[in-house]
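Here is how the chains run, residue by residue.
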Amino acid sequence: MLVEERRQRVLDLVSQRGFVPLAELARTIQVSPSTIRRDLEYWHQQGALRRTHGGAVFVGDSGALLALEERSAIQLEEKRAIARAAVERVGDGDTVLIDGGTTTLEIARLLVGRSLQIVTNSLPIANLFGNSRETDLVLLGGYVYPKTGVALGPLTIRTMADLHVQQLLMSCNGITAAGLFNSNLLLVETQRQMMRCADEVVVAADHTKIGRPALAYLCPLAEVDTLIVDAGLTPAQRELVERAGVRLLVAGEPGEFTQ
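Residues numbered from 1 in each chain as written. Predicted model: local features only at pLDDT ≥ 70, side-chain atom pairs only at ≥ 80, totals over all residues. Heavy atoms only, no water.

1. Focus: the nonpolar core
Most often, soluble globular proteins keep nonpolar side chains buried together rather than apart. Core analysis: the biggest nonpolar cluster contains 32 residues, and L97, L168, I175, L180, V203, I210 and L227 have the highest contact counts within it. Where this core is concerned, the elements lending two or more residues are β9 (165-170), α9 (185-197), β12 (198-204), β13 (216-219), β14 (226-229), α10 (235-243) and β15 (247-250). Examining the composition of this core, we find that four residues originate from one element, α9, more than from any other. Ignoring anything within four residues of it in the chain, the contact list for L180 reads C172, G174, I175, V203, A216, Y217, L218, C219, L221 and V224. By size, the runner-up hydrophobic cluster in this structure holds 24 residues, among which are A86, V96, I107 and L249. (Core = buried A, V, L, I, M, F, W, Y, C linked by side-chain atoms within 4.5 Å. Buried < 20%, exposed > 50% of the residue type's maximum accessible area, 1.4 Å probe, protein only. Helix = DSSP H or I, 4+ residues; strand = E, 2+ residues; numbered from the N terminus. Contact = heavy atoms within 4.5 Å.)

The following block contains the structure:
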């Protein structure tokens, strides 16, 4: 394989997956880790990706995915546990709407290669499925918020007017007895329309989000069908959720939902 072909293959793999560990790149392309490091350094200098500890992150033009990767490091193991629990509830052939966010990005990674219809307003999430033969992808348009690569606002809301999905997977920045909160006013308006499109509203949030508000109020907690959290949930946080009548799934706990 020529150097140019190998480098393009590296870039293709990273752009498709969003993030790829160095060892996986070396194994897939069948070259040494030192060769992959040189290829990653080349693309890093070109601004197409950024080297990270143990791998590479696709940057593209906006760098939105990079910002997501950096924020994903917070409560990372909790988010991965939540993601594993969430994907178990997605059946082959389902139509799933996935909102942008660090936790939902972890969920999306585990859905790559599944026979699904994926609807999303997130460029980083759409990028994971763009070249998948198994998955039908619908990308919602609108104003793209530069910090996250997520489409928000009136145009995005209008594109969802005729959509129907079986499940919405979304995250939030705060959960209190009053309800759900997020950090952006345009985002909560967009999420409200997402909720109208879905048979089931599933919120994936690590335990640190429970008990604190954020800037913009989204909805009462009772409008959520299922909340998936990690095992760091405290008794007080559990009581807050159960009092609202929301089905609670704690990642890693055996048994059915608590209600």
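Moving on, there is more to tell.
2. Some details on the pattern of salt bridges
Where side chains of opposite charge bring their charged atoms close, a pairing between them can arise. For the structure on display, the rule yields 13 salt bridges. Among the ionic pairs, R7 bridges to D39, the shortest N-O distance being 3.6 Å. One end of the pair, R7, is in helix α1 (residues 3-17); the other, D39, is in helix α3 (residues 33-46), with 32 residues separating them in the sequence. Judged by relative accessible area, which is 25%, R7 ranks as partly exposed. Notably, a salt bridge pairs R114 with D92, separated by 2.8 Å at the nearest N-O pair. (Salt bridge = Lys/Arg side-chain N within 4 Å of Asp/Glu carboxyl O.)

3. So, the side chain of T190
Structurally, T190 is set in helix α9. Given a relative accessible area of 0%, T190 falls into the buried group. At 3.1 Å, the side chain of T190 forms a polar contact with the backbone nitrogen of G153. Of note is the side chain of T190, whose polar atom sits 2.9 Å from the backbone oxygen of L186. (Polar contact = N/O pair within 3.5 Å; in protein donor to acceptor, adjacent residues only side chain to side chain.)

4. Details of unusual backbone geometry
Non-glycine residue Q30 carries a positive phi angle of around 65°. With respect to the element layout, Q30 can be found in the loop between α2 (22-29) and α3. On the basis of relative accessibility, which here comes to 70%, the residue Q30 falls in the exposed class.

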